[in-house]
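Secondary and tertiary structure notes
Single-letter residue listing:
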Amino acid sequence: MQEKIKFALAKGRLAEKSVDILEKCGIDCRCILEPSRKLVMSDVSGKYEFIFVKPSDVPIYVEHGVADIGVVGKDTLLEEDRDVYELIDLGFAKCRLCLAGYKDTDLSNYKNSLKVATKYAHIAKDYFDSKGQNVEIIPLHGSIELGPIVGLSDIILDIVESGKTLQENDLCVLEEIVNCSARLIVNKVSLKTKAEEIKPLVTKIEQIIKSQQ
Ligand code: PRP
């Protein structure tokens with residue numbers, strides 16, 4: 001009998017395309033699309049189970065093996081640094097992790113007093129450590145762009161996708177740190193114990209991604 005494959009999917013901007021790719025693999029995702037408050041959903045065949053969680057929680061569920069497979073942004077993976085296999089660049093949800101602020105911000109003026117608002121505190125620390133610059137990191141959980149606008153921070157470190165949020169708030173990219181996109185991650189034990197189910201699925205997803213390029 002086939003072992004059940006458990007997926008952890010990220011709520012928000014990755015959700016629609018994550019479901020899309022699973023459907024292209026022939027997985028019936030109707031249970032996800034039906035409006036419901038259910039937290040754990042199963043397909044009709046009972047072969048697949050899905051949970052939708054905050055993006056930053058996806059690598060945690062996968063690392064602990066309560067989900068076998070996850071779909072999450074590279075930005076989140078860099079921030080969470082979890083012990084999972086990152087197997088496929090899914091190519092969607094492309095964005096850039098950037099420092100952003102007002103156009104006339106001169107980072108070299110700040111010496112040790114730069115305040116950085118971000119959802120990515122670890123990435124920010126590593127980045128400024130590598131430059132030998134002491135900064136005050138102000139962790140936020142959303143609407144990061146507010147930081148410089150209300151005077152909470154001098155700059156932000158955040159993802160920029162279309163650039164509209166920055167533009168509509170008179171902010172701009174000051175430095176690009178890294179390009180990101182959605183990734184398929186797999187629990188290290190599941191890849192061995194459920195190899196018969198997971199490996200063909202991974203191959204299929206790779207083929208779909210290739211055919212889309
Ligand atoms: C993300 C990010 C930016 C915005 C960038 O926020 O934190 O605010 O998207 O996208 P854009 O370049 O296309 O404008 P998200 O929408 O995930 O919500 P949040 O502010 O609650 O984190």
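For the structure itself, look to the data block above.
What you are looking at is a predicted structure, and each value in this text was computed from that prediction instead of being measured. (Residues numbered from 1 in each chain as written. Predicted model: local features only at pLDDT ≥ 70, side-chain atom pairs only at ≥ 80, totals over all residues. Heavy atoms only, no water.)

Notes on the state of the cysteines
One pass over the structure, following the stated rule, counts zero disulfides. Free cysteine: Cys 31, not disulfide-bonded; nearest cysteine sulfur from Cys 29 at 6.7 Å. With no disulfide partner, Cys 172 has as its closest neighbouring cysteine sulfur the one in Cys 98, 10 Å distant. (Disulfide = S-S within 2.5 Å.)

What about the pattern of salt bridges?
Enumeration according to the criterion identifies 14 salt bridges in this entry. Asp 129 is paired through a salt bridge with Lys 125; the nearest N and O atoms lie 2.6 Å apart. Remark: Lys 125 and Asp 129 occur in helix H5 (residues 121–130); sequence separation between them is four residues, near one turn of the helix. Ionic contacts of the salt-bridge type, sharing partners, join the residues Lys 74, Glu 86, Asp 89 and Arg 183 into one network. (Salt bridge = Lys/Arg side-chain N within 4 Å of Asp/Glu carboxyl O. Helix = DSSP H or I, 4+ residues; strand = E, 2+ residues; numbered from the N terminus.)

Brief notes about helix H1 (residues 15–24)
In an α-helix there are 3.6 residues to a turn, and that puts residues three or four apart on one side. Within the span of H1, buried status applies to Ala 15, Ser 18, Val 19, Ile 21 and Leu 22. Buried residues in H1, looked at end-on, bunch into an arc of 160°, giving them a common side. Taken from the residues just after H1, Gly 26 is the one with a positive phi, measuring 90°. (Buried < 20%, exposed > 50% of the residue type's maximum accessible area, 1.4 Å probe, protein only. Arc of directions from axis to C-beta.)

Notes on the site of the ligand
The full set of residues close to the ligand is Lys 119, Gly 142, Ser 143, Glu 145, Asp 158, Ile 159, Val 160, Glu 161, Ser 162, Gly 163, Lys 164 and Thr 165. One of the backbone nitrogen or oxygen atoms of Gly 163 is found 2.7 Å away from an oxygen atom of the ligand. In the complex, 69% of the free accessible area of the ligand, which totals 500 Å², lies under the protein chains. Of all the elements in the fold, those that place two or more residues in the shell around the ligand are strand S9 (155–160) and helix H7 (164–168). For the shell around the ligand, the leading source of residues is S9, giving three residues. (Near = heavy atom within 4 Å. Polar contact = N/O pair within 3.5 Å; in protein donor to acceptor, adjacent residues only side chain to side chain. Areas by Shrake-Rupley, 256 points an atom, 1.4 Å probe, with all protein chains shown as cover.)

So, the pairing of strand S6 (residues 95–101)
Residues in a regular strand project their side chains so that they alternate between the two faces of the sheet. Of all seven residues in S6, six are buried, a share of seventy percent or more. Bridge count for S6 against strand S10 (residues 172–180) is seven bridges, and the pairing is antiparallel. Along S10, the bridge assignment pairs Leu 99 with Glu 175. One ladder, built from five bridges, connects S6 with S9; its direction is antiparallel. Across the sheet, residue Leu 99 finds its bridge partner in S9, namely Leu 157. (Pairing = 2+ DSSP bridges.)

Digging into the pairing of strand S11 (residues 182–186)
Most of S11 sits out of view: five of its five residues are buried. Side chains of S11 alternate between two faces, with Ala 182, Leu 184 and Val 186 and Arg 183 and Ile 185 buried alike. The pairing of strand S4 (residues 69–73) with S11 spans five bridges and is classified as antiparallel. Paired with Val 72 across the two strands is Arg 183, which belongs to S11.

Quick look at the packing of aromatic side chains
Inspection of the entire model under this criterion finds three aromatic pairs. For the pair Phe 7 and Tyr 48, a centre-to-centre distance of 6.1 Å together with 40° between the ring planes defines the contact as tilted. One end of the pair, Phe 7, is in strand S1 (residues 5–10); the other, Tyr 48, is in strand S3 (residues 48–53), with 41 residues separating them in the sequence. An angle of 85° between the planes, with centres 5.3 Å apart, marks the rings of Tyr 127 and Phe 128 as edge-to-face. An identical accessibility class is assigned to Tyr 127 and Phe 128; each is buried. Connected via pairs of aromatic rings, a cluster forms that spans Phe 7, Tyr 48 and Phe 50. (Phe/Tyr/Trp six-rings, centres within 6.5 Å; stacked < 30°, edge-to-face > 60°.)

Read these as spatial facts, not as claims about activity.
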